[in-house]
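Listed below, chain by chain, are the residues.
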Amino acid sequence: MAMNCIKSLRGIVIAKEAVGMVDRRTFSAGAKKKGGKGGGAADAPKASSLGKEVKSTTTVGANILKDGTDPKVLEDSEYPIWLWRLLDKRPALSELRRKNIETLPYEDLKRFVKLDNRARIRENNFSKAKN
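In the annotation of an unreviewed UniProt entry, the entry for the chain reads Large ribosomal subunit protein mL54, and the organism field reads Salix suchowensis. According to the UniProt record, the Subcellular location (unreviewed entry) comment for the chain reads "Mitochondrion".

A. Examining the overall build of the chain more closely. Looking only at helices and strands, the chain has 6 helices and 0 strands in total. Traced from its N-terminal end to its C-terminal end, the chain shows the element sequence α-α-α-α-α-α. When each of the 131 residues of the chain is scored for burial, the buried share is 8%. For the chain, restricting intrachain contacts to residue pairs at least 6 apart in sequence, the fraction spanning at least 24 positions comes to 7%. Total accessible area on the chain is roughly 12800 Å²; 58% of this is exposed by carbon and sulfur atoms.

B. Local environment of the side chain of arginine 111. Relative to the assigned elements, arginine 111 resides in helix α6 (residues 106-130). For the buried residue arginine 111, which engages in no salt bridge, the nearest side chain bearing the opposite charge is aspartate 108, 6.2 Å off. Every residue in contact with arginine 111, bar those within four places of it in the chain, is listed here: Arg90, Pro91 and Leu96.

C. Representation of the pattern of salt bridges. For the structure on display, the rule yields 3 salt bridges. A salt bridge links glutamate 95 to lysine 99, with the nearest nitrogen and oxygen atoms 4.0 Å apart. Judged by relative accessible area, which is 33%, glutamate 95 ranks as partly exposed. Between aspartate 116 and arginine 97 there is a salt bridge whose closest N-O contact spans 2.9 Å. Linking aspartate 116 in helix α6 with arginine 97 in helix α5 (residues 93-98), this pair joins segments that are 19 residues apart in sequence. Classification of aspartate 116 by relative accessible area gives buried; the value is 18%. The class for arginine 97 is partly exposed, based on a relative accessible area of 48%.

D. A look at the packing of aromatic side chains. Going through the model one piece at a time under the given rule, you end up with 1 aromatic pair. Between tyrosine 79 and tryptophan 84 the ring centres are 6.1 Å apart and the planes differ by 85°, which places this aromatic pair in the edge-to-face class. By relative accessible area, which is 27% here, tyrosine 79 ends up partly exposed.

E. Quick look at the confidence of the model for the chain. Overall, the prediction assigns the chain a mean pLDDT of 76, with 58% of residues at 70 or greater. Of all the helices and strands in the chain, helix α1 (residues 2-23) carries the lowest mean pLDDT, 54, while α6 carries the highest, 93.

F. Broad picture of the environment of threonine 57. As for its position among the elements, threonine 57 is in helix α3 (residues 52-57). Put simply, threonine 57 and lysine 72 are 15 residues apart on the chain and 5.8 Å apart in space, counted from C-alpha to C-alpha. For threonine 57, the contacting residues outside a window of four places in its chain are Lys72 and Val73.

Conventions we followed
- Residues numbered from 1 in each chain as written.
- Predicted model: local features only at pLDDT ≥ 70, side-chain atom pairs only at ≥ 80, totals over all residues.
- Heavy atoms only, no water.
- UniProt positions renumbered as here; feature names shortened; annotations may be inferred.
- Helix = DSSP H or I, 4+ residues; strand = E, 2+ residues; numbered from the N terminus.
- Buried < 20%, exposed > 50% of the residue type's maximum accessible area, 1.4 Å probe, protein only.
- Contact = heavy atoms within 4.5 Å.
- Areas by Shrake-Rupley, 256 points an atom, 1.4 Å probe, with all protein chains shown as cover.
- Lys, Arg positive; Asp, Glu negative; His and termini not counted.
- Salt bridge = Lys/Arg side-chain N within 4 Å of Asp/Glu carboxyl O.
- Phe/Tyr/Trp six-rings, centres within 6.5 Å; stacked < 30°, edge-to-face > 60°.
- pLDDT = per-residue confidence, 0-100.

Shown next as structure tokens:
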């Protein structure tokens, strides 16, 4: 019986050692850094070798196709009108609340309803989360 206990203890000790071996973190020895301390020079972005003419006529880096080329920059008149309105500042909810709702243009009224609904939903969710 004592022999059986010793064998089972050995099994436990071996199992703990195996877990200890698996649990340890190891690092690969193959990858070595080039250079000395810091290594900042190797990570620095390289200067562009493209000329100014190429940069002004093409959209560099916009190509998503493997065998494609960068798209050419078109004249402003060749782009759709809505594209130029994307950068326009739109009024915030607080600014829209200060104005008279009956005199708002359709686009601003639509934005007011959307932002007001969003604010009410956020407020209701916050009050429900508190309780």
